[in-house]
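As a plain string of letters, each chain reads:
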Amino acid sequence: MIDVRPFSSLGGADHGWLNAKHHFSFANYYDPSRMGWGRLRVWNDDEIAAKSGFPLHPHADMEIITYVRTGAVTHEDSMGNRGRTGAGDVQVMSAGTGVRHSEFNLEDETTTLFQIWIETDRPGAKPGWGQREFPKSDRTGRFSVLASGDPSDGALSINADARVLGATLKAGESLSYSLAEGRRAYLVPAVGAVEVNGVALNARDGAAIRDEAGITITAKEDAELVMVDSL
């Protein structure tokens, strides 16, 4: 089953400094049919104006992954971490027992990003934060694991039985991915139109996938993909 959620159907709000679109119910957007996808609870598509951002605020017991599409975001938190994450790169925060953080676009251009929240497998764990560069050249024609609860993946660590994956495809190229029984995937092309098992998907649309032993993604134009594989 592949359920396409067109970008035009997403909830959200334009706050001036922040234009946010929500794949699932979030903040003032509520749709009982879109409360999440398995353990995936939030997928926000954010545009943050230059020299603005989210002031210090708290989180607890959630795995929060930020995939920067354009521009950069600068993070500071109550654990003493500070870092700048640029386009194509990823940061993760395990909120655990509780952490306060801010996220600002200190650049002279708009920053666009996906923020993804996955329900933790370890409530009450010690909070943590990390970031890594992920050159797009390293994921050409294949999925690379960006964040994972499995240390053997060699990715950024999260406290969840989930993987966040990224890939780039040239127009006409395809890649395949096996989905284990009982697991779900949620796929969003950051850039470009694709087909997923023959189902059309435009840039920034979402595809909620389950009960598919495998998926084949074919790029109709140059594409950049982000996907979550979780319970």
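The structure this text deals with has already been given above.
Below is a summary of the structure that appears in this document. Computed from a prediction, not measured in an experiment: that's the story for all the values here. Throughout this document, residue positions are counted from 1 along each chain, in the order its sequence is written. Since the coordinates come from a predicted model, pLDDT governs what is reported: local features require at least 70, and pairs of side-chain atoms require 80 or more to be given and counted, while whole-chain, interface and lining totals use all residues. Remark: hydrogens and water are excluded; side-chain values derive from all non-hydrogen atoms of the structure.

1. Some points on the overall build of the protein
Condition: Note on conventions: DSSP H or I runs of at least 4 residues are helices, E runs of at least 2 residues are strands, and numbering of each starts at the N terminus. We compute the radius of gyration from the C-alpha atoms alone; for a globule the expected value is 2.2 Å times N to the 0.38, where N is the number of residues. Each residue is placed in one exposure class: buried if its accessible area under a 1.4 Å probe, protein chains only, is under 20% of its type's maximum, exposed if it is over 50%, and partly exposed if it falls in between. Only four residue types enter the tally: Lys and Arg on the positive side, Asp and Glu on the negative side, with His and both chain ends excluded. In this description, the location of a charge corresponds to atom NZ of lysine, CZ of arginine, CG of aspartate or CD of glutamate.
Each helix and strand counted, the protein has zero helices and 22 strands in total. Relative to the compact-globule value of 17 Å for 231 residues, the protein shows a C-alpha radius of gyration of 17 Å, a close match. Along the longest, intermediate and shortest principal axes, the C-alpha atoms of the protein span 45 × 40 × 35 Å. Buried positions account for 52% of the 231 residues belonging to the protein. Put simply, the protein has 23 plus and 32 minus side-chain charges, and the middle of one group is 2 Å from the middle of the other.

2. Here's the deal with the sheet that holds strand β21 (residues 214-219)
Worth spelling out the cut-off: Note: two strands are recorded as paired if DSSP finds a minimum of 2 bridges between them. Between N-to-C directions, angles cover 0 to 180 degrees, with each direction set by a line fitted to C-alpha atoms, over the stretch in contact for helices.
Pairing is antiparallel across the open sheet formed by four strands, whose spatial order is β16-β21-β18-β19. Looking along the sheet, the strands with just one partner apiece sit at the ends: β16 (174-178) and β19 (199-201). Across this sheet, the average inter-strand angle for adjacent strands is 25°, counted without regard to direction. For strand β18 (residues 194-196) and β21, the ladder comprises three bridges, and the chain directions are antiparallel. Looking at the pairing, glutamate 195 lines up with threonine 218 of β21.

3. Points about the side chain of serine 102
Note the threshold: Contacts: residue pairs with any heavy atoms within 4.5 Å of one another.
Mapped onto the secondary structure, serine 102 falls in strand β10 (residues 99-105). Judged by its relative accessible area of 10%, serine 102 is buried. Those residues in contact with serine 102 that lie beyond four places of it in its chain are Phe54, Pro55, Leu56, Thr74, His75 and Glu76.

4. So, the environment of glycine 86
Summarising the element assignment, glycine 86 is placed in strand β8 (residues 82-86). The exposure class assigned to glycine 86 is buried, which follows from its relative accessible area of 12%. Spatially, the C-alpha atoms of glycine 86 and alanine 72 are 4.2 Å apart, while their sequence positions differ by 14 residues. Those residues in contact with glycine 86 that sit more than four places away from it in its chain are Val68, Gly71 and Ala72.

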